[in-house]
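Chain and residue survey
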Amino acid sequence: MGARMIYVHGSGNKVRPELLRSQWDRALFGEDLGDASLMAYWASVRHGSPLPDTAPDPLDGGPEGARGAEEDMPASVRDEPPEEFVARTLGEAWFESATPAPEGPWTGEPGDPLGGWLRDMTYLADTMAESAAARRAVLRTLVKGTFKDALAYFFGGARDAVRGVLTAELEKAGDTPPVVVGHGLGSVVAYEVLAASGREAGLLVTLGSPLAVAEVQGHLAAAPAVPPGVHAWLNASDPRDLVALDHTLRPEYAPADRVTDVLVSNDSANHHGVAAYLGDARVREACREALGRRG
């Protein structure tokens, strides 16, 4: 059997696993690969029922999701000063994780776990939005959803269950080294599982990944390095992607000759949408070559 694609989605609730897998296939290859691709679907660890099939993903940056983000975020939240948004999001995230929180007040200073990352994402989002309230809603929705899932993963007890989802999919792939594609927080999951297991991967692709963010690196289960079984690593990000924030892995993840960092143009509304990343020519070509497909 040829190499398989194994996808690891990013933050937020998603449509049902089989539909999500097919959507990624079509964005990357223009067709459904069927049994040749698998989706490590961990949304159910954090969320209840999947999104309806036709529901837009508010964190994916598509036009429908962008409109939904604007409509769902009240003006009082959308327009609150960034320091208030940071403090409130930190408080909500700790409460929702059902984990004892560090003593407040939460300001996003270095003493708050991951708080500096939240603060930096928020201020960059507001700078990018300038005076456009609708754009601020889209970007703050991404910041909030990403941070809450990340805090639950690192501190809220979700890590083992989320990693277990990918481990199970890797077992299905058999002995052929798969191509593993992780988006956003899914890239962190992919990295940690491959580093811990030593499983081979013909190619690791990370899209809009926060793995270069110093605060995220400080909470990884494995110190920054190319996982031993990964033959090659392509890291693609848009300079405007708030989740990635820092876009270069090569200097910190040795051996550097296995890592390729590329800046791409992700023109989704929040510059983090996975379809736009999967549709980039360099991402497509790398995955096709690793999978042994042409055209």
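Up top is the structure these notes are about.
First things first, this report covers the structure right here in the doc. (Residues numbered from 1 in each chain as written. Predicted model: local features only at pLDDT ≥ 70, side-chain atom pairs only at ≥ 80, totals over all residues. Heavy atoms only, no water.)

**Some remarks on the overall build of the protein chain**
Spelled out, the test is: Going along the chain from the N terminus, every DSSP run of H or I of four or more residues is numbered as a helix, and every run of E of two or more is numbered as a strand. Here the globule rule is a power law, 2.2 Å times the number of residues to the power 0.38, and the radius of gyration is based on C-alpha atoms. Between buried and exposed lies partly exposed: a residue is buried under 20% and exposed over 50% of the maximum accessible area for its type, with that area taken using a 1.4 Å probe on protein chains only. Here, residues are in contact when the closest pair of their heavy atoms is within 4.5 Å.
Along the protein chain, the regular secondary structure elements total 12 helices and six strands. A globule of 295 residues ought to have a C-alpha radius of gyration of about 19 Å, and the protein chain, at 18 Å, matches this closely. By its C-alpha atoms, the protein chain is 55 × 35 × 35 Å across when sized along the principal axes. Out of the 295 residues in the protein chain, the part that is buried amounts to 54%. Put simply, 76% of the contacts in the protein chain that link residues at least 6 apart link residues at least 24 apart.

**Let's talk about helix α7 (residues 133-155)**
Helical geometry: 3.6 residues make up each α-helical turn, so side chains three or four residues apart lie on a common side. To keep it simple, the criterion reads: What a helix should span is 1.5 Å times the count of its residues minus one.
Relative to the 33 Å expected for 23 residues at 1.5 Å per residue, α7 spans 32 Å between its end C-alpha atoms, a close match to the ideal helical length. α7 sits mainly inside the fold: 19 of its 23 residues count as buried. Within two residues after α7, G157 carries a phi angle of roughly 85°, on the positive side.

**Description of the pairing of strand β1 (residues 5-8)**
Counted only if it meets this: By definition, the crossover connecting two strands over a helix is right-handed if that path, from the first strand to the second, turns clockwise as seen with the strands pointing away from the viewer.
Of the two faces of β1, both are covered, the one formed by M5 and Y7 as well as the one formed by I6 and V8. Following the chain from β1 across helix α1 (residues 17-29) to the adjacent parallel strand β2 (residues 37-40), one finds a crossover that is right-handed.

**Concerning the sheet that holds strand β4 (residues 203-207)**
Strand pairing within a sheet occurs via backbone hydrogen bonds; the two strands may be parallel or antiparallel. As a reminder, the rule being used: Strands pair, by our definition, only if DSSP identifies at least two bridges between them. Structural elements are reduced to axes, namely lines fitted to C-alpha atoms, with helices fitted over the stretch in contact, and the angle between N-to-C directions of any two is expressed from 0 to 180 degrees.
Strand order in the open sheet made by the six strands is β2-β1-β3-β4-β5-β6, with parallel pairing throughout. The open sheet has two edge strands with one neighbour each: β2 and β6 (259-263). On average, each strand axis in the sheet is tilted by 15° relative to the strand beside it, whichever way the strands run. Bridging between strand β3 (residues 179-183) and β4 involves five bridges; their strand directions are parallel. Across the sheet, the residue bridging to V180 is L204, located in β4. Contacts from helix α12 (residues 281-291) reach β1, β3, β4, β5 (233-237) and β6, with the element oriented near 160° to β4.

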